[in-house]
Amino acid sequence: MKKENLFPDYIFESSWEVCNKVGGIYTVLSTRAKTLVEQLGDKLIFIGPDCWGEKTSPYFIEDDKLFASWRKKAEKEGLKVKIGRWTVPGNPVAILVDFNQYYAEKDMIYGQLWEKYHVDSLHAYGDYDEASMFSYAAGLVVESFYNSEISKPKAKKQAKVIYHANEWMTGLGALYINDRVPQIATIFTTHATSIGRSIAGNNKPLYEYLEAYNGDQMAAELNMESKHSIEKQTALHVDCFTTVSDITATECKELMDKPVDVVLPNGFEDDFVPQGKTFDKKRAAARKRLLDIARALSGDEIEDDAIIISTSGRYEWRNKGIDVFIDAMNRLRTNAENLKKDIVAFIEVPAWVNCAREDLAERLAAMEKGEKFDTPLPTPVITHWLNEQQNDRALGMMNWLGMHNAKGERVKLVFIPCYLTGEDGIVNLSYYDTILGNDLCIYPSYYEPWGYTPLEATAFKVPCITTDLAGFGLWANTVIGKEGTIEDGVEVIHRTDYNYNEVADSIKAAVEKYANATKQKQGRIRNKARALAENALWSKFITYYYEAYDIALRKAEARCSKAGE
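Residues numbered from 1 in each chain as written. Predicted model: local features only at pLDDT ≥ 70, side-chain atom pairs only at ≥ 80, totals over all residues. Heavy atoms only, no water.

Assigned secondary structure in the protein consists of 19 helices and 17 strands. Against the 2.2 N^0.38 benchmark of 24 Å for 565 residues, the protein shows a C-alpha radius of gyration of 25 Å, consistent with a compact globule. Each principal axis of the C-alpha distribution contributes one length, and for the protein these read about 80 × 50 × 50 Å. For the protein, with 565 residues in total, the buried portion stands at 59%. If you sum the accessible surface of the protein, you get close to 23600 Å²; carbon and sulfur atoms cover 50% of it. Once the 68 positive and 82 negative side-chain charges of the protein are each reduced to a mean point, those two points are 5 Å apart. (Helix = DSSP H or I, 4+ residues; strand = E, 2+ residues; numbered from the N terminus. Rg over C-alpha atoms; globule rule 2.2 N^0.38 Å. Buried < 20%, exposed > 50% of the residue type's maximum accessible area, 1.4 Å probe, protein only. Areas by Shrake-Rupley, 256 points an atom, 1.4 Å probe, with all protein chains shown as cover. Lys, Arg positive; Asp, Glu negative; His and termini not counted. Charge placed at Lys NZ, Arg CZ, Asp CG, Glu CD.)

Below, the structure is given as structure tokens:
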């Protein structure tokens, strides 16, 4: 008979993206918070970097009453923290830590890390120091809080406490807790291995040779030794090592010499998806804005029933498949005789923005008043001017292919190179409000441990095209029960190290099929996309976390029992 899972009394969870919206981990943590708050209340405590200083964070509200007695002790111990709530569903407790004072102790901290865990920090560069000092500070915060508020010497039963560290950036803190507060059970989640991402990003074939790669050797070759070292040693020493998909679990085993204990797939809460008339109203507004941007740039008439397509995510040229997306749109453009509708495609990927285009903003404002334009703007393929624009890869490829959004062409491609916060000066809609305007989203990833963007798209009833090199794509296939096609709401294209051309052609064919389908069929496909997403609600995926908590708590329990003998 299986024992009942142990469940923590407290969870501390640290990430660089707590109250700091820079990537997909923000979405993982912020959408999962509500489910855990229902179980733990204020005993779920997120720890993030204080990136704001004297400025007000849009994601955090300070609360002087929270943990007031510990706050005073923390100040006496020299810890600089802000305590409050993360402004996401569930309003979980968040502690933001100022870590700048620890740079002065960096050499001592790295020296101890080498002595205890053989973490190589000698080759550190870039964001390694910043992440490590934050991680160290987070460890100190948890140690202080545990000793002050949780550890009761006379208590009959010791509280069950989890420290959950996300990504290599929090590894140092996990190892610190492991060493200094062994009563706390540690979990480490790698959302993508640093060395796997680097191999893929350096145009090396990751998958065909995965079993032959030596992670340490590749780290030396690609100048990734320090990041790989902290990630690997954290994986080896924590109580429970996890990742987000089966495909990354294979990567961990081969490149970090450590199989994962549990796979924690990324779920979502659907309370950010508008319903009913609000959904329809927001979708209509997003469609109008996106089509008007294309019309204003190109000076061309584009039909209201045009198919709107986008790709989005980080600007990782090959890993995210930006190259193959542009190629596929060009193949559609140059073979458009089969298309029954106009196609307007967008690349929504943040680049090095200089400023919003004044000429475009002025033209859009005039169009709002009913004015029409029949001449293109200069460079009619981009919404914001870039720094060093001549070196941009997307613009370079579009130019080389002759993609200039010429009048009369059925397929237009527009680069929106900024974060969609709602205040960019051109789109002026948030990312979630923008995605509603899409008919189809395309994420032809080469390296994608999970893939939040396609999951978000399907949650908003937008069918998508992804690949079986993405964790989400593999998961979608298992839910569908076969290789997904566009009729299933998610088309999962087979991708390898070498079949770039076949991927581009498959995207082209899938877009044609969807664009030429009847409105009724498109509606059915949209509903299937949404139904698929409902299989990934946190209410269904949280059980994997309970399994991880159980594994970590049992190991910590055994460790403490042994120490007490």
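After presenting the structure, the write-up continues.
A cluster of acidic residues, E301, E303, D305 and D374, forms a negative patch on the protein surface. Exposure remark for E303: the relative accessible area of 48% places this residue in the partly exposed category. (Patch = residues over 30% accessible without salt bridge, like charges linked within 9 Å, V, L, I, M, F, W, Y side chains within 5 Å. Salt bridge = Lys/Arg side-chain N within 4 Å of Asp/Glu carboxyl O.)

The next subject is the environment of A515. Structurally, A515 is set in helix 17 (residues 500–515). With 276 residues separating them in the primary sequence, A515 and D239 have C-alpha atoms 50 Å apart. Residues within four places of A515 in sequence aside, it is in contact with I307, L339, K341, I343 and Q522. (Contact = heavy atoms within 4.5 Å.)

Our focus in this paragraph is the nonpolar core. By size, the foremost hydrophobic cluster in this structure holds 84 residues, and its most contacted members are W86 and F472. The residues touching F472, leaving out its near neighbours within four places in the chain, are W450, G451, P454, L455, T458, C464, T466, V490 and L532. Formed by 57 residues, the second largest nonpolar core is a distinct cluster that contains F67, I83, F188 and I230. (Core = buried A, V, L, I, M, F, W, Y, C linked by side-chain atoms within 4.5 Å.)

The complete set of buried residues in helix 12 (residues 358–368) reads L360, R363, L364, A366 and M367. End-on view of helix 12: buried residues confined to an arc of 160 degrees, all on one side of the axis. Pointing more than 90 degrees away from the buried face of helix 12 are the exposed residues E358, E362 and E368. Residues of helix 12 that are buried in the fold lie against helix 10 (276–298). Downstream of helix 12 by a residue or two, G370 has a phi angle that is positive, lying close to 100 degrees. (Arc of directions from axis to C-beta.)

This part takes up the pairing of strand 6 (residues 161–166). Counted residue by residue, strand 6 has six buried out of six residues, so it is predominantly covered. The alternating pattern of strand 6 places V161, Y163 and A165 on one face and I162, H164 and N166 on the opposite face, and all of these are buried. By the bridge criterion, five bridges tie strand 1 (residues 10–14) to strand 6 in an arrangement that is parallel. Counted as the bridge partner of I11 is I162 from strand 6. Of the strand pairs in this sheet, strand 6 and strand 7 (residues 185–190) are connected by five bridges, and their pairing is parallel. Residue pairing for strand 7: N166 is matched across the bridge by T189. (Pairing = 2+ DSSP bridges.)

An α-helical turn contains 3.6 residues, so any two residues separated by three or four positions project in the same direction. The buried count for helix 5 (residues 171–180) comes to eight of ten residues, which makes it a mostly enclosed element. Among all positions in helix 5, only G171, L172, G173, A174, L175, Y176, I177 and N178 are buried.

The next point concerns the pairing of strand 4 (residues 81–86). Residues in a regular strand point their side chains to alternate faces of the sheet. In terms of residue burial, strand 4 counts as a mostly covered element, since five of its six residues are buried. In the sheet, strand 3 (residues 60–62) pairs with strand 4 via three bridges, with the strands oriented antiparallel. Of the residues in strand 4, the one forming a bridge with F60 is W86. Relative to strand 5 (residues 93–97), strand 4 is paired through five bridges, and the arrangement is antiparallel.

Right, let's talk about the packing of helix 3 (residues 106–117) against helix 5 for a bit. In contact at an axis separation of 11 Å, helix 3 and helix 5 are set at 65 degrees when each is read in the N-to-C sense. You can see that helix 3 and helix 5 cross each other, and the crossing is left-handed. Taking contact as the criterion, the partners of I109, Y110, L113, K116 and Y117 in helix 3 are, on helix 5, L172, L175, N178 and D179. Tallied by class, residues from the contact of helix 3 with helix 5 come to six nonpolar, one polar and two charged. (Axes fitted to C-alpha atoms, helices over the stretch in contact; angles between N-to-C directions. Left-handed = near helix turned anticlockwise from the far one by under 90°. Nonpolar A, V, L, I, M, F, W, Y, C, P; charged D, E, K, R; others polar.)

Our focus in this paragraph is the pattern of salt bridges. Applying the stated rule across the entire model yields 38 salt bridges. Where D304 meets R295, a salt bridge forms, and the shortest distance between an N and an O atom there is 2.7 Å. Taking the shortest distance from any N to any O, the salt bridge between K513 and E487 comes out at 3.6 Å. In this pair, K513 sits in helix 17 while E487 sits in the loop between helix 16 (471–480) and strand 17 (490–493), placing the two residues 26 residues apart along the sequence. The partly exposed category is assigned to K513, whose relative accessible area is 46%. The structure contains a network of salt bridges with shared partners spanning K288, R289, D292, R295, D304 and E368.

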